[in-house]
Amino acid sequence: MALDIKLLEKLTSAFGPSGREFAVADLVSEELKKMKLKTKRDVHGSTRVTLGNSGKKILLAAHLDEIGLISTYIDKDGFIKASPVGFVYKEGLFGNRVQFENGTWGVISSEKTYPKPEIEMHKFFIDIGAKNRKEAEKLLPIGTFGVFARDLVKAANGRIISKALDDRIGVYVLLKVIKELASADLKDTVNFVFTVQEEFSGLGAATSAFGIAPHIAIAVDVTDSDDTRENMYLNMRLDSGPAIKIMDASLISHPKLKEHFISIAKKNKIPHQLEVLPCGGTDAGTMSLVKKGIPSIGISIPTRYIHTPSEMISSTDVENTIKLLVAAVKGKIGGAL
Amino acid sequence: MELLKEMLQKPSISGFEKNLQEFLVKRFTDAGLDTNVSPLGNIEARKIGKYPFTILLDAHYDQIGMVVKKIEDNGFIRVHNIGGIDPNVIPGGRYTILGKEEVPAIAATKPPHLMLPGEKDKPIPLRDILLDPAMTRKELLKVIDIGDPIFFAFEPFAAGDFLVGPGIDNKGGLWILLAIAEFLKNFDPVPTVIFRSTVQEEVGIRGASTDANDIIDLAIVIDATFAKQKGADEDRTFPSDTLALMFGPNYSRKYNHQLEKLAEEHSIKCVREIEESVNGTNAYQYSISGNHATVGISFPVYSMHSPGEAVRMDVLKRISDLIKYFIQDFKGGQ
């Protein structure tokens, strides 16, 4: 099962910072329509499809949104100040292109002073080509959302470089899992939810989990692959398979779910690794604390350079993540507890 | 003291509380209480009273620890903290990795002879500390794996009036809950009394956040606070032989005053602990959740979040007595 690059490219190039995920949600609905599945979109924009109607309620989430920014101020010369939406890796900002929701484009930079300015968000500005404030105000009203634009490219060894792989690769994985299982006889009621605002507050995951009140919640998201030259502190590697999350800063996965996923991976001979991530969190952490608490786990796709406009993943990891989730959903996740 | 010692020897690292959970469920059930466990692991035991007023006693039952983050090719283990840990207390210590088997390990240190100038004075960040189980990676992977919790292997001991050991925060609080549960065996309270032991307090009040919205009337939250120690802020530390009542805009003035009066009547030493803003305790979580009054009662602990936490047993006893008197005196309609 080779990677469907065309679909992934469509997903990653879609515009969707937290709070403005419509284009990505539309793409998801369109893909599901091709499978003759009807989607429901809630008031916040989270989009969901349900397979099966017996057993325990499962929620499988991947988030639609990507990190981005929002314009906050225009100076007298027409340069734009902006604030990050989600955690922006500021070291990677210089020279980046910004695509705004209204079609305006710009480039990020800072004054060329010597010595070099310290990297601080407030020292950056965006140049949209406007000559003065009046012109800029027309092109880009305050409060316009933007994203860091970069095309998807293929690198060696089946690796992919693109913006927004966090978490369009999770969206891609869920779409493929749904496709495989659309006509399967499931022993659980599986709610696939494409959530909004994970990078901002986890609003989509919190409200969806509240509405569905599942017995088990699973988030499919990216995790740091700590295998570049320093290669020191973490266990995760590219090409070593999906990472079964044990903990991150937002979640300690339910021990029984952890055991369940490890045993499924072993039984189906799917390469996998275990994840202890010191920083960062996912929708799984948010969902785990909804209502009286929901046993939760994260399944992660190892990714390099997360939260920069050029994130890198391995195709084989994606394929193995799909395999793991298909095997898990087919095998009655509800029995894990 | 034996009961507290027994609990101290049962690891309950946040997220991995199963071991102590079974113990507590049994204790509460044995005390004749109707006991349930929530999806996240919070234990709730209740005794129904005659009067429609519910007092909830909360003490978290998780403790800080570490977790295996990576196993190096040479068998050394990289760790990550669970809860707030000062990396200063780690090097040279003895640990138990709770895998398929219990694996002992020490935190490797660099001999002082080999330290470079200035190195001695700087703490080693936790990410650079390596545990040495004296096994090869291959041997290790048979018995432990990434994500296994790590426990301070530190035998608790009594020293004068004190009991010393890792996890006094908040097994001291559990001791108080169990003492009151024992008391209710032979006493029918006027109000309903709920005992709740919550999980994952040390990683961000997660357990309490799922249950703090329940409909109750008064939450009494029991946890450790700081005992007076050289070099520590005077206004944030308390004499080790007193109990501390949390005072702040979000804590109940009415019940704090009642408890202070009750303490005075029974000659129980009691001081005020000013918590005027947001903090990471279960008491804070309860105070901003649901629609009930909240009070926080703390017992001072020396060397908090180290393997050698120390508490005076008589303070724990006095807190349990104070709450017993409060329940005994509760007549309803007030």
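In case you missed it, the structure is sitting above this.
Notes on the structure in this doc start here. (Residues numbered from 1 in each chain as written. Chains lettered and ligands numbered in written order. Predicted model: local features only at pLDDT ≥ 70, side-chain atom pairs only at ≥ 80, totals over all residues.)

### Some remarks on the overall build of chain B
Phase 1 of the analysis: Check the secondary structure of chain B and you find 8 helices and 17 strands.
Phase 2 of the analysis: For chain B, whose C-alpha radius of gyration is 21 Å, the value lies close to the compact-globule estimate of 20 Å for 334 residues.
Phase 3 of the analysis: With the C-alpha coordinates of chain B rotated into their principal frame, the extents come out at 70 × 40 × 35 Å.
Phase 4 of the analysis: Sorting the 334 residues of chain B into buried and exposed places 49% on the buried side.
Phase 5 of the analysis: A separation of at least 24 residues holds for 77% of the contacts in chain B among residues at least 6 apart in sequence. (Helix = DSSP H or I, 4+ residues; strand = E, 2+ residues; numbered from the N terminus. Rg over C-alpha atoms; globule rule 2.2 N^0.38 Å. Buried ≥ 20, exposed ≤ 12 C-beta atoms within 10 Å, placed from the backbone. Contact = placed C-beta atoms within 7 Å.)

### A word on the sheet that holds strand S17 (residues 311-314) of chain A
All names here are of chain A.
Phase 1 of the analysis: Strand order in the open sheet made by the 3 strands is S10-S11-S17, with antiparallel pairing throughout. Each of the sheet's edge strands pairs with one partner strand only, and the pair in question is strand S10 (153-154) and S17.
Phase 2 of the analysis: Of the pairings in the sheet, the one linking strand S11 (residues 159-162) to S17 comprises 4 bridges and is antiparallel in character. Residue pairing for S17: Ile160 is matched across the bridge by Ile313.
Phase 3 of the analysis: Here helix H8 (residues 315-330) sits on the sheet in contact with S11 and S17, set at roughly 60° to S17. (Pairing = 2+ DSSP bridges. Axes fitted to C-alpha atoms, helices over the stretch in contact; angles between N-to-C directions.)

### Topic: the pairing of strand S3 (residues 57-63) of chain A
Residue and element names in this part refer to chain A.
Phase 1 of the analysis: With 6 of 7 residues buried, S3 lies mostly within the body of the structure.
Phase 2 of the analysis: For S3 and strand S13 (residues 216-224), the ladder comprises 4 bridges, and the chain directions are parallel. Counted as the bridge partner of Ala61 is Ala219 from S13.

### Section: the interface of chain A and chain B
Phase 1 of the analysis: With 16 residues of chain A at the interface, the matching set in chain B holds 21 residues.
Phase 2 of the analysis: For the side of chain A that touches chain B, the secondary structure elements donating two or more residues are strand S14 (243-247) and strand S15 (273-276) of chain A.
Phase 3 of the analysis: For the side of chain A that touches chain B, the class distribution of residues is 12 nonpolar, 2 polar and 2 charged. (Nonpolar A, V, L, I, M, F, W, Y, C, P; charged D, E, K, R; others polar.)

### Regarding helix H6 (residues 253-265) of chain B
Helical geometry note: an α-helix holds 3.6 residues per turn, so side chains three or four residues apart project in the same direction.
All names here are of chain B.
Phase 1 of the analysis: Taking 1.5 Å of rise per residue, the 13 residues of H6 would be expected to cover 18 Å, and the 18 Å separating its terminal C-alpha atoms lies within 8% of that figure.
Phase 2 of the analysis: Here H6 has its buried residues at Asn256, Leu259 and Ala263. Looking straight down H6, one finds its buried side chains confined to an arc of 65°; they lie on one side. Of the residues in H6, the exposed ones pointing more than 90 degrees away from the buried face are Arg253, Lys254, His257, Lys261, Glu264 and Glu265.
Phase 3 of the analysis: Here the buried face of H6 lies against strand S14 (243-247), strand S15 (270-274), strand S16 (293-301) and helix H8 (313-329). (Expected span 1.5 Å × (residues − 1). Arc of directions from axis to C-beta.)

### Thoughts on the packing of helix H1 (residues 5-13) of chain A against helix H4 (residues 165-181) of chain A
Residues and elements named next belong to chain A.
Phase 1 of the analysis: Where H1 contacts H4, the axes come no closer than 9 Å and their chain directions differ by 135°. Classified by the interaxial angle, the pair formed by H1 and H4 is oblique. Considering only the axes of H1 and H4, their crossing is right-handed. The segment H1 lies against H4, with Leu7, Leu8, Leu11 and Thr12 engaging Leu165, Arg168, Val171 and Tyr172.
Phase 2 of the analysis: When the residues that make up the contact of H1 with H4 are grouped by side-chain class, the tally is 6 nonpolar, 1 polar and 1 charged. (Parallel < 35°, antiparallel > 145°, perpendicular 65-115°, else oblique. Left-handed = near helix turned anticlockwise from the far one by under 90°.)

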